Amino acid sequence: MELLRFTTAGSVDDGKSTLIGRLLFDSKSIFEDQLEAVKRASIQKGSEYINLALLTDGLRAEREQGITIDVAYRYFATPKRKFIIADTPGHIQYTRNMVTGASTANVAIILVDVRNGVIDQTYRHTYIANLLGIPHIIVCINKMDLVDFSREAYEKIKEDFQEFATRLQLNDVRFIPISALKGDNVVEPSVHMTWYEQGTLRNILENIDITSDHNFIEPRFPVQYVVRPLTGEHHDYRGYAGRIAGGVFKKGDKVIVLPDRLTSTIRSIDTFQQQISRAYPPMSVSFTLEDDIDISRGDMIVGEKNPPEVGQEIRAMLCWFNPKPMQLNGKFILKHTTREVKAMVKEVIYKVNVNSLEEIKDGKTLVMNDIACVRLKTTKPIFYDPYKQNRITGSLILVDEATNETLAAGMIL
Amino acid sequence: MVMEGLSLSHLRELESESIYVIREVAAQFERPCLLFSGGKDSIVLTHLAKKGFWPAKIPFPLLHIDTGHNFIETIEYRDNLVKELGVQLLVGSVQQSIDQGRVVEETGYNASRNVLQTVTLLDTIETCKFDAAMGGARRDEEKARAKERFFSHRDEFGQWDPKNQRPELWNIFNGKKKMGEHFRVFPISNWTEMDVWQYILLENIPMPSLYFTHQREVFNRDGVWLAAAPFMKLRPGEKVEVRTVRCRTIGDISCTGLTLSTADSLEDIIAETAATRVTERGSRFDDKRSEAAMEDRKKEGYF
């Protein structure tokens, strides 16, 4: 059984919580005591129906204010797949939560209220999903029951969306007309929309091909930890532990170790008490090499062909998360794979208006929720690939030296 | 490009993610520890740590916060495991916290040392100068836990600020902190109860006998079966009887509800888990105290 991670995005009343509630409920992932608790809370609040949003709003403040503050993770499984949902708040100021939820997702579900059509928030959600490199997008056109399941209304929104999407170079976009409240096309096919034949949401989630979501071409292995038992039969063992970030490594492969560009050969690929013949993303393994070379955390073992870029000047799309604005030439800690260096933002090349996709050229600073193309300079080289090519070796975060807060996320261009 | 066979099962992907997180802890912190309770989640966590550093030993100690009200089987299992792994075991004793006047024992029929553990835990973290404590908490367990990060920051009072958490992107974990602060890390955040049992079966991990069916002296309180023990005061009308039960979760005796069950193998447990309509924490007395019982305890520094 495979694991699929998806994120959901929608505006406040698009029915996101209802949709998630429906997926969980219909796959028997909501337990009786959970449902009882939600029923009790709904009645207490004077609600006439069971408010499934209360299932996902886990914090006291969220329930009190009736809003979702933070990303919540939900889990369900069908006989075909196990799913992890990153449920992100749709509210305007929570771009950072959507970016967080999107960073590990295979699929983004974007909800559109059929009565409102494609709105600014739809653009923003789609832009972020694309920026974060989510390979598959499912646009759920919701509340079809409120427009008499009109095919025309559905087609109109599909057309509007596609027009916008052509500007974004999306690979895989699908559309489903649904009613999350009534359950049409969520788990059960709709009897009201027989003109739609591309499968229910759950059906698509179960069958969407995610095998090529990882990069299996350029071998990348950021060294995370050096395993040195220093005892008994393993006295001289020196294993380089980490998670494969790209490509396929095989025993006997010639490899290059960055930053020193030393070459060696993979002697063994070890997991617990055994050796395996090949390793690929996202496996956690340890390598031993034929040559005794000095390798530590933050170094990267790569394949002989197509090495990553090695550099100190990086162009990246940056999402700024902190209430404190970004200052040009301020120093940050930059974390990239297992490597940590100091960095400065030297230039804001342009900011993005995520509603119109316009590039704004007059920016010198970034405020919370801004997305911008910037030029970064690091004190030491990092080994990277464009984010579009590899989401692991192409991503970075900036950390405040004084407060230790995570300030920004970056996607390398 | 040939990609045949280049995929992992969900259990192997979860395993790989967790090992990555555990190794990150070993790399980013100076004095980490693993919180071991003797329950299935911390057993799986310890197993993952063993795999992640092989052929070396686990490079951090196990820390058990002992309420003094443990099932005897839990302590036996713990001691055997520690011996087998050759790791250091540290025990923070709630009894000692009580004796030193750090906490006051609850009274009444529902008295439990569950809440008191927080003080013992934070004291132990401070005394041992731990900068990261890994736990086996999972996001699917409870709604406040669904909001947890893998790397969860704690201020110098050990408190969690759920509304002001650091964003956590991709698998880049920010373990930066000031003196006196620490992190709680939850490597199996993304596992469900079912994943845990399926993995235990897949890896054939030995489990404490408490998880399998056995005869035990129990009594029923508000619909929950609790184990009889000298420190468990019976209310009028409650009577001890022998039943065929097993534990679905293991905490200390005062808050662990037992399930009537004849499941005597991992396969039986998995079948039972698949069929059950109640969450595993539904039988936990510690979570029944209020709607936000878990969130409130977590803010104070609970597991």
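Residues numbered from 1 in each chain as written. Chains lettered and ligands numbered in written order. Predicted model: local features only at pLDDT ≥ 70, side-chain atom pairs only at ≥ 80, totals over all residues. Heavy atoms only, no water.

Trainee: Teacher, can you tell me more about the domain arrangement of chain A here?
Mentor: Put simply, an interface is often sized by how much accessible area is lost when its parts join up. Residues and elements named next belong to chain A. Along its sequence, chain A is carved into domain 1 (2-213), domain 2 (220-303) and domain 3 (309-412). Every contact between the two is made by 23 residues of domain 1 and, on the other side, 14 residues of domain 3. A combined buried area of about 1500 Å² lies between domain 1 and domain 3, and 59% of that area is made up of carbon and sulfur atoms. Of all residues in domain 1, R96, Y127 and L131 bury the most surface against domain 3, accounting for 36% of the area lost on that side. Remark: the boundary between domain 1 and domain 3 carries zero salt bridges. At the junction of domain 1 and domain 3, the tally comes to five residue pairs in polar contact (both at pLDDT 80 or more). The set of elements that each furnish at least two residues to the side of domain 1 that touches domain 3 consists of α5 (95-102) and α6 (120-131). Counting residues per element, the side of domain 1 that touches domain 3 draws most heavily on α6, at seven residues. Class assignment for the residues of the side of domain 1 that touches domain 3 results in 13 nonpolar, six polar and four charged. (Domains from an automatic or database assignment. Contact = heavy atoms within 4.5 Å. Buried area = accessible area lost by both parts, 1.4 Å probe. Salt bridge = Lys/Arg side-chain N within 4 Å of Asp/Glu carboxyl O. Polar contact = N/O pair within 3.5 Å; in protein donor to acceptor, adjacent residues only side chain to side chain. Helix = DSSP H or I, 4+ residues; strand = E, 2+ residues; numbered from the N terminus. Nonpolar A, V, L, I, M, F, W, Y, C, P; charged D, E, K, R; others polar.)

Trainee: When you look at the nonpolar core in this model, what are you seeing that I'm missing?
Mentor: Core analysis: the biggest nonpolar cluster contains 77 residues, and F6(A), Y127(A), I138(A) and L205(A) have the highest contact counts within it. In terms of residues, this core owes the most to one element, strand β4 (residues 107-113) of chain A, which gives six residues. Setting aside chain neighbours within four positions, we find F6(A) in contact with L23(A), F76(A), F83(A), I84(A), I85(A), A86(A), A105(A), V107(A), I109(A) and L205(A). Within the second largest apolar cluster, 72 residues are counted, among which are L11(B), V25(B), L34(B) and F36(B). (Core = buried A, V, L, I, M, F, W, Y, C linked by side-chain atoms within 4.5 Å. Buried < 20%, exposed > 50% of the residue type's maximum accessible area, 1.4 Å probe, protein only.)

Trainee: It is not clear to me how α5(A) should be interpreted in this structure. Could you clarify?
Mentor: Think of an α-helix as 3.6 residues a turn; residues three or four steps apart then line up on the same face. Within α5(A), eight of the eight residues are buried, leaving the element largely enclosed by the surrounding structure. Close packing links the buried residues of α5(A) with β1 (2-9), β2 (72-77), β3 (81-87), α6 and β17 (309-320) of chain A.

Trainee: Just to check I follow, could you spell out the pairing of strand β6 (residues 172-177) of chain A for this structure?
Mentor: Sheet faces and side chains relate simply in a regular strand, where the side chains alternate between the two faces. One ladder, built from six bridges, connects strand β5 (residues 136-142) of chain A with β6(A); its direction is parallel. Considered in β6(A), the bridge of C140(A) is made with I176(A). (Pairing = 2+ DSSP bridges.)

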